[in-house]
Amino acid sequence: MSQTPNHIAIVMDGNGRWASKRFLPRIAGHKQGVDSLRRCVKACADRGVAILTVFAFSSENWNRPIEEVSGLMDLFAMALTREVPNLKADGVQIHFIGERKALSPKVLAGIGLAEFDTAKNSRLILNICFNYGGRWDIAQAAAKLAAQGQAITESSLNSAMALAHVPDPDLVIRTGSEQRISNFLLWQSAYSEFIFSDKLWPEFDENALDDAIAEFSGRERRFGQTSGQLLAKKPSTVPN
Ligand code: IPE
Ligand code: IPE
Ligand code: MG
């Protein structure tokens with residue numbers, strides 16, 4: 001039987017290559033990526049996943065050509081207007097994770113409204129990492145604690161992080177064939193299972209999600225312990 005992860009995090013990579021393969025502009029791939037995310041949110045909620053965290057725009061993505069960056073900003077603002085009412089109706093609670101300072105007033109307004117409008121929902125928590133970097137998160141958490149004169153410990157840092165409202169991801173999926181973290185959830189993925197998919201993000205569908213969940217179910221999460229210790233703790237399935 002498949003064990004559904006409580007928290008799935010995804011590096012939604014491969015939009016540009018999906019478009020290039022079809023001789024389309026890269027932005028067409030990003031648009032298709034929004035459709036793929038809509039389906040993925042629904043599929044996760046249907047499968048009982050409680051938290052989905054997605055990487056939508058990294059701190060380093062500002063280094064892309066200006067046309068692509070502004071295309072992504074416009075698409076993000078548009079997608080918020082179009083998708084949030086449906087997400088709200090579906091019981092999704094939205095959070096934006098990332099440095100907000102550099103974002104335009106239009107994007108900030110969309111983010112603020114989406115969070116406000118969905119705050120009372122509880123079916124699925126959707127964290128959208130936008131202008132996010134794992135290093136930024138660790139640094140901002142440490143700076144916050146220092147400003148408050150608090151000691152820096154694992155637990156105080158944990159509660160100052162941008163994802164303090166959710167437990168760590170059980171499963172991190174990266175689409176698009178690359179096997180790297182690209183500054184995503186550096187702190188929170190310490191004990192996550194990783195699955196690298198050859199599918200480009202626009203092609204990552206319900207079947208691909210089910211395959212990932214099935215692979216996750218077969219992994220033994222030891223958290224530093226031995227297999228023997230885990231087996232000893234497992235409740236017996238044999239009736240006495
Ligand atoms: C991921 O797709 C989306 C963003 C980084 C915004 P890419 O745009 O990185 O797609 P590839 O890797 O070039 O195919
Ligand atoms: C990671 O993808 C960021 C997002 C998916 C938003 P990139 O395409 O930016 O990562 P690199 O540059 O290949 O490492
Ligand atoms: Mg990429």
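Residues numbered from 1 in each chain as written. Chains lettered and ligands numbered in written order. Predicted model: local features only at pLDDT ≥ 70, side-chain atom pairs only at ≥ 80, totals over all residues. Heavy atoms only, no water.

1. Some remarks on the side chain of serine 36
Turning to step 1, where the next piece is worked out: Within the fold, serine 36 resides in helix 2 (residues 26–46).
Turning to step 2, where the next piece is worked out: Here the side chain of serine 36 touches tryptophan 201 through a polar contact of 2.9 Å, landing on its backbone oxygen.
Turning to step 3, where the next piece is worked out: If we skip the residues at most four places from it in the chain, serine 36 touches Trp201, Pro202 and Phe204. (Helix = DSSP H or I, 4+ residues; strand = E, 2+ residues; numbered from the N terminus. Polar contact = N/O pair within 3.5 Å; in protein donor to acceptor, adjacent residues only side chain to side chain. Contact = heavy atoms within 4.5 Å.)

2. Focus on the packing of aromatic side chains
Turning to step 1, where the next piece is worked out: According to the stated counting rule, one finds eleven aromatic pairs in the structure shown.
Turning to step 2, where the next piece is worked out: For the ring pair phenylalanine 76 and phenylalanine 96, a centre distance of 5.8 Å and an interplane angle of 90° mean the geometry is edge-to-face. Remark: phenylalanine 96 occurs in strand 3 (residues 92–97) and phenylalanine 76 occurs in helix 3 (residues 66–89); sequence separation between them is 20 residues. The two residues phenylalanine 76 and phenylalanine 96 agree in class, both being buried.
Turning to step 3, where the next piece is worked out: Between tyrosine 132 and phenylalanine 184, the ring centres sit 6.2 Å apart and the planes meet at 85°, which makes this aromatic pair edge-to-face. (Phe/Tyr/Trp six-rings, centres within 6.5 Å; stacked < 30°, edge-to-face > 60°. Buried < 20%, exposed > 50% of the residue type's maximum accessible area, 1.4 Å probe, protein only.)

3. Things to note about unusual backbone geometry
Turning to step 1, where the next piece is worked out: Backbone geometry places serine 182, a non-glycine residue, at a positive phi of 45°.
Turning to step 2, where the next piece is worked out: By relative accessible area, serine 182 is classed as partly exposed at 29%.

4. Notes on the site of ligand 2
Turning to step 1, where the next piece is worked out: Around ligand 2, the structure places Val11, Met12, Asp13, Phe55, Ala56, Phe57, Asn61, Arg64, Arg174, Arg180 and Ser182.
Turning to step 2, where the next piece is worked out: Contact distances for ligand 2 include 2.8 Å between an oxygen atom and a side-chain N or O atom of arginine 180.
Turning to step 3, where the next piece is worked out: With respect to ligand 2, the side chain of serine 182 contributes an N or O atom lying 2.6 Å from an oxygen atom.
Turning to step 4, where the next piece is worked out: When ligand 2 sits alone it has 390 Å² of accessible area, and the protein chains cover 77% of it.
Turning to step 5, where the next piece is worked out: For ligand 2, the cavity whose grid points lie within 2 Å of the majority of its atoms is the largest pocket.
Turning to step 6, where the next piece is worked out: Partitioning the shell around ligand 2 into residue classes produces five nonpolar, two polar and four charged. (Near = heavy atom within 4 Å. Areas by Shrake-Rupley, 256 points an atom, 1.4 Å probe, with all protein chains shown as cover. 1 Å grid on protein atoms, 1.4 Å probe; cavity = no way out; pocket = protein on both sides within 12 Å on 5 of 7 lines; lining within 4 Å. Sits in = over half its atoms within 2 Å of the grid points. Nonpolar A, V, L, I, M, F, W, Y, C, P; charged D, E, K, R; others polar.)

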